[in-house]
Amino acid sequence: MRDVIVVGAGGGGAVVAKELAERGLDVLLLEAGPRWAHTEKEWSHYERKANNPASGYFRFGPSDLKKGPWRRDLPQYCYLWQTGGVGGSTVHFFGNYPRAMPGAFAGASGDYDPVRLPLAYTDLIPYYEWVEHTLPVQTAPMGTKEEVFLRGATRMGLPVQTGKDIARDSCRAQQNAILQPAGRAGKAKDPKYPAAKGCTFCGHCLEGCLEPKGAPRNLRAKRSTDASYVPMALTANRWGKGRAAELVADAFVLRVNLLPTTSSGLPLAGGVTWRSTRSGQVTTEEARVVVLAGGCIETPRLWLRSGLPNPNDLVGRGLSDHYPDFVIGRFASYTGSTRGPGSNARADFPSYGSLEVTTLPPALQAYSLAFSDSGMAGLYDNGTGVGAQGADSIGRLVGKRLKRYIQNVDKLLNVLVLTDDDVESQNRVTLSTSSPADEHGAIPRVEVAYRKRSARTQRNREYLASKAVQLLRAAGAREVVRMNIAPVLFHLHSTMRMGASINDSVVDPNGESWFVKRLFVADNSALSNGVGGVNPTLTAQALGTRTAERIFTTYFGGEAWVGRESPVASIDASVTRAVRAAGL
Amino acid sequence: MSELTRRRFLERTGFLAAAGRLAQLPEVPWVRAATSAKPDLNRQTMNGLVAFVVPGPDRYSRTQGEWTKAPGGIAAGAPKALIQTLDLFIPSRPPLTTTVAAVLNAQATQVDPNSAHGTYQAPFANLAFRRKAEVFRRLESLYSPEAGALRFLAGNLPGLVAFLTYADPKVGWKLSNYSGVADGRREFKGYFHA
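Residues numbered from 1 in each chain as written. Chains lettered and ligands numbered in written order. Predicted model: local features only at pLDDT ≥ 70, side-chain atom pairs only at ≥ 80, totals over all residues.

Engineer: Where do I start with the overall build of chain A in this structure?
Structural biologist: A count of helical and extended segments in chain A gives 13 helices and 22 strands. A globule of 584 residues ought to have a C-alpha radius of gyration of about 25 Å, and chain A, at 22 Å, matches this closely. Overall size of chain A, expressed as C-alpha extent along the three principal axes, is 65 × 55 × 50 Å. Across chain A, contacts joining residues at least 24 apart in sequence account for 71% of those joining residues at least 6 apart. (Helix = DSSP H or I, 4+ residues; strand = E, 2+ residues; numbered from the N terminus. Rg over C-alpha atoms; globule rule 2.2 N^0.38 Å. Contact = placed C-beta atoms within 7 Å.)

Structure (structure tokens):
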């Protein structure tokens, strides 16, 4: 019997696995997708190889790229940007690590969603600091596009924020889980480790970070969990006094197994059953504690497919997605839009959400210009009633319009709108009854009523779109288009939300299920809300660290460590030696 | 089948309830009839779609009345890539490309009955640029919950074509003046100070 089985080696599960392996527990980490052990051969900088929705190595599907992605039931216009594999969606994320808006927490005042994280903001700060040191999180350097973005922001009158905690409308360089450039990084086309360290400004965050070439896995510039928490988990016996976690990839968990109900009246988690996506072999293993971390779609799917209790009907409900939008400016001069990290500058608007500059290589840039719920600019608008907010057009660009707008991709500037959106019951994940099951059972149905968002959500998005247009104009854009994109589901939260009451949540403030003991949730789905409209990974990982601590103290007789010990950074020389010795 | 009947069928049968059910679309009688056509029809339809999103000097672009001197999606090889992507995205019999072509061509004949007798076997490829847009407008206007699969399809096709065109190093990168992939860039400007 294992001490702990963690389902999902993405942004959340890898954190729990590392923290508990460091404490000496026997941890099994299961991942449905592949483990990229030889990324310099398996990944590339080419968008067509990485980002194609059917054959790209980052699609949500089995290791064999000749097989298509796993099917989802999507009954609306949307794009669901899931990723399978060790690292989860952190392999293609931007590494943006802002702390949450304080208004997203219990006890805060202001015009925020009443669904709050069930703890005070200050209670989470020690866990923020633990994660920030472990990865580490650093102030982002500037490229041309960041200079253009911040030029616009400061001309709008936004003050510059200098601390990590968001207190007012402001702009700043991002806090990123990306190593700062050193040596030849950012100064050469062919930087190699060790002459170059940290971010090389290649512009390929969305295709997976390979830089600098030749660096040990734990010294890759972008701190995806496959380069940070997972290597630490697998070598916890080498750099620390822990026990190495075991990782099994291509292992799709079919169900959570329960033990007979105890005298308390609640069932206990007793293990899981998974299927090898390579061989089809089915394996069952027992554990004292099970942690679900498959993400906002797969975690509720697994829960429902396992027939676990759902007495308040909240499993899968309340999907928050930041209701994103794109506003894209065209400039007369070079902006460097295809270069540098995914986003190194941002502007925050408490109780509304945030804006961030976004790097896009040409294919995803073209995609972003041809994806909209407002029809096709100059041709039809779908009657959505959503306005341009001062932009020159709204809707997809097709034909000559598209070709003209993208004729010099490095003279564009993308501003991504991340809305502080409300948790709404109708946005949810269920098991599809209209689509056939796949080899792993009933497939997930993801419903997003994007034209029926709450009044506060719509107000926030329109406000931010207006600010984005103003920013681009102030920065000198000659032309601005607003996309009003249909849902691109990449920031997902709150489908297994944490709460203070058994009546309004799925897991308790420790991350443990109200209805099945010894069963925890430690991914974005446990977030109570969209954390105020900022990038969620840091908050999810801080909460995951806290959940790991609660598991250790509650079920293994251990003591808490955050605030009492100093974390080991994933780039520490001891970890590098351990990673090399383990051949990772 | 009349337009009203076809529309009602699409919206109310529940047959098109979800993107995951696109594989079952060919069981709809009028789609089944349309999907019995030769592979050329599929290719022509995809050519017509690609020319609509990223036109060039090719004959499909000229047929629609919106064309450019610079190469477009057809020169970038987007039709072939589109067929491969669709058919891998949801493996089915007949292939998803055939279903997509059937949907676009069926709508095309509703938008312009003359499109059934044009230069190409595929009615969609015979449409003028604005009428191609009208096909998408109609597909996107199917608001009932049961038409989710068609909205998913119609919504994503233009973006997918744009992606595939501009992912092509020879044509797409040149059209966007992209400098190409690299391990590093000379782009580091220092740190921001207010």
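Engineer: Please clarify how the overall build of chain B should be interpreted in this entry.
Structural biologist: When helices and strands are tallied, chain B shows 10 helices and zero strands. For chain B, the N- to C-terminal ordering of α and β elements is α-α-α-α-α-α-α-α-α-α. Here chain B holds 194 residues, and the buried ones make up 58% of them. At a minimum sequence separation of 6, the contacts of chain B that also span at least 24 residues come to 59%. (Buried ≥ 20, exposed ≤ 12 C-beta atoms within 10 Å, placed from the backbone.)

Engineer: Sorry, what's going on with the domain arrangement of chain A here?
Structural biologist: When the parts come together, some accessible area is lost, and that loss is often what is quoted as the size of the interface. Residue and element names in this part refer to chain A. Domain parsing of chain A yields domain 1 (2-41 + 82-137 + 222-319 + 492-581) and domain 2 (325-428 + 437-489). On the side of domain 2, 28 residues touch domain 1, which itself brings 28 residues to the contact. For the side of domain 1 that touches domain 2, the secondary-structure elements that each account for two or more residues are β10 (251-259) and α8 (295-305). Counting residues per element, the side of domain 1 that touches domain 2 draws most heavily on α8, at three residues. Per-class residue counts for the side of domain 1 that touches domain 2 are 11 nonpolar, 11 polar and six charged. (Domains from an automatic or database assignment. Nonpolar A, V, L, I, M, F, W, Y, C, P; charged D, E, K, R; others polar.)

Engineer: I'm lost on the environment of P212 of chain A in this one. Help?
Structural biologist: All names here are of chain A. Mapping P212 onto the fold places it in the loop between β8 (196-197) and α6 (229-234). Looking at P212, the number of C-beta atoms within 10 Å reads 30, which means it is buried. Look past the residues within four positions of P212 in its chain and what remains in contact with it is A185, P191, K192, Y193, A196, K197, T200 and A221.

Engineer: I'm lost on the interface of chain A and chain B in this one. Help?
Structural biologist: Taken together, the contacts link 78 residues of chain A with 54 residues of chain B. When residues of the side of chain A that touches chain B are traced back to their parent elements, those giving at least two are α3 (47-50), α5 (144-155), α9 (362-369) and α10 (400-405) of chain A. A per-class count over the side of chain A that touches chain B returns 37 nonpolar, 24 polar and 17 charged.

Engineer: What is the right way to look at helix α1 (residues 13-22) of chain A in this model?
Structural biologist: An α-helix turns once per 3.6 residues; consequently, residues spaced three or four apart project the same way. All names here are of chain A. For α1, a buried count of 10 out of 10 residues is recorded, marking the element as mostly surrounded by other parts of the structure. Residues of α1 that are buried include every one of G13, A14, V15, V16, A17, K18, E19, L20, A21 and E22, and no others. In this structure, the buried residues of α1 make contact with β1 (2-7), β2 (27-30), α6, α7 (236-239), β12 (282-292) and α12 (537-555). G24, located one to two residues past α1, shows a positive phi value of around 95°.

Engineer: When you look at the packing of α9 of chain A against helix α9 (residues 148-166) of chain B in this model, what are you seeing that I'm missing?
Structural biologist: In a packed pair of helices, the relevant descriptors are the angle between the two axes and the axis-to-axis distance. Across the interface, α9 of chain A lies against α9 of chain B with an axial gap of 7 Å and an inter-helix angle of 160°. The angle between α9 of chain A and α9 of chain B falls in the class roughly antiparallel. Between α9 of chain A and α9 of chain B the crossing geometry is right-handed. Two secondary-structure elements touch here, α9 of chain A through P362, A363, L364, Q365, A366, Y367 and L369 of chain A and α9 of chain B through G159, A162, F163, T165 and Y166 of chain B. Partitioning the contact of α9 of chain A with α9 of chain B into residue classes produces nine nonpolar, three polar and no charged. (Axes fitted to C-alpha atoms, helices over the stretch in contact; angles between N-to-C directions. Parallel < 35°, antiparallel > 145°, perpendicular 65-115°, else oblique. Left-handed = near helix turned anticlockwise from the far one by under 90°.)

Engineer: What's the story with unusual backbone geometry in this structure? I'm lost.
Structural biologist: Excluding glycine, residues mostly have negative phi values, and the peptide bonds linking residues are mostly trans. Following E211 of chain A, the chain continues to P212 of chain A via a peptide bond in cis, the omega torsion being -15°. Here the residue pair R93 of chain B and P94 of chain B is connected by a cis peptide bond, since its omega of -5° sits within 30 degrees of zero. Tracing the backbone shows P94 of chain B in the loop between α5 (78-89) and α6 (96-111). The backbone phi angle of Y323 of chain A is positive, close to 30°, even though this residue is not glycine. Structurally, the position occupied by Y323 of chain A is in the loop between α8 and β13 (325-330).

Engineer: Any chance you could explain the packing of α5 of chain A against helix α11 (residues 455-475) of chain A here in plain terms?
Structural biologist: Residues and elements named next belong to chain A. Viewed as axis vectors pointing N to C, α5 and α11 meet at an angle of 105°, and their least axial separation amounts to 7 Å. Viewed along their axes, α5 and α11 adopt a mutual orientation that is roughly perpendicular. Residue-level inspection shows V148, F149, R151, G152, A153 and R155 of α5 in contact with α11, the latter providing L471, L472, A474 and A475. Partitioning the contact of α5 with α11 into residue classes produces seven nonpolar, one polar and two charged.

Engineer: So what exactly am I meant to see when it comes to the pairing of strand β20 (residues 479-482) of chain A here?
Structural biologist: Each regular strand shows side chains that alternate between the opposite faces of the sheet. Inspection of the sheet shows β13 of chain A paired to β20 of chain A by four bridges, in the antiparallel sense. Across the sheet, G329 of chain A pairs through a bridge with V480 of chain A, a residue of β20 of chain A. (Pairing = 2+ DSSP bridges.)

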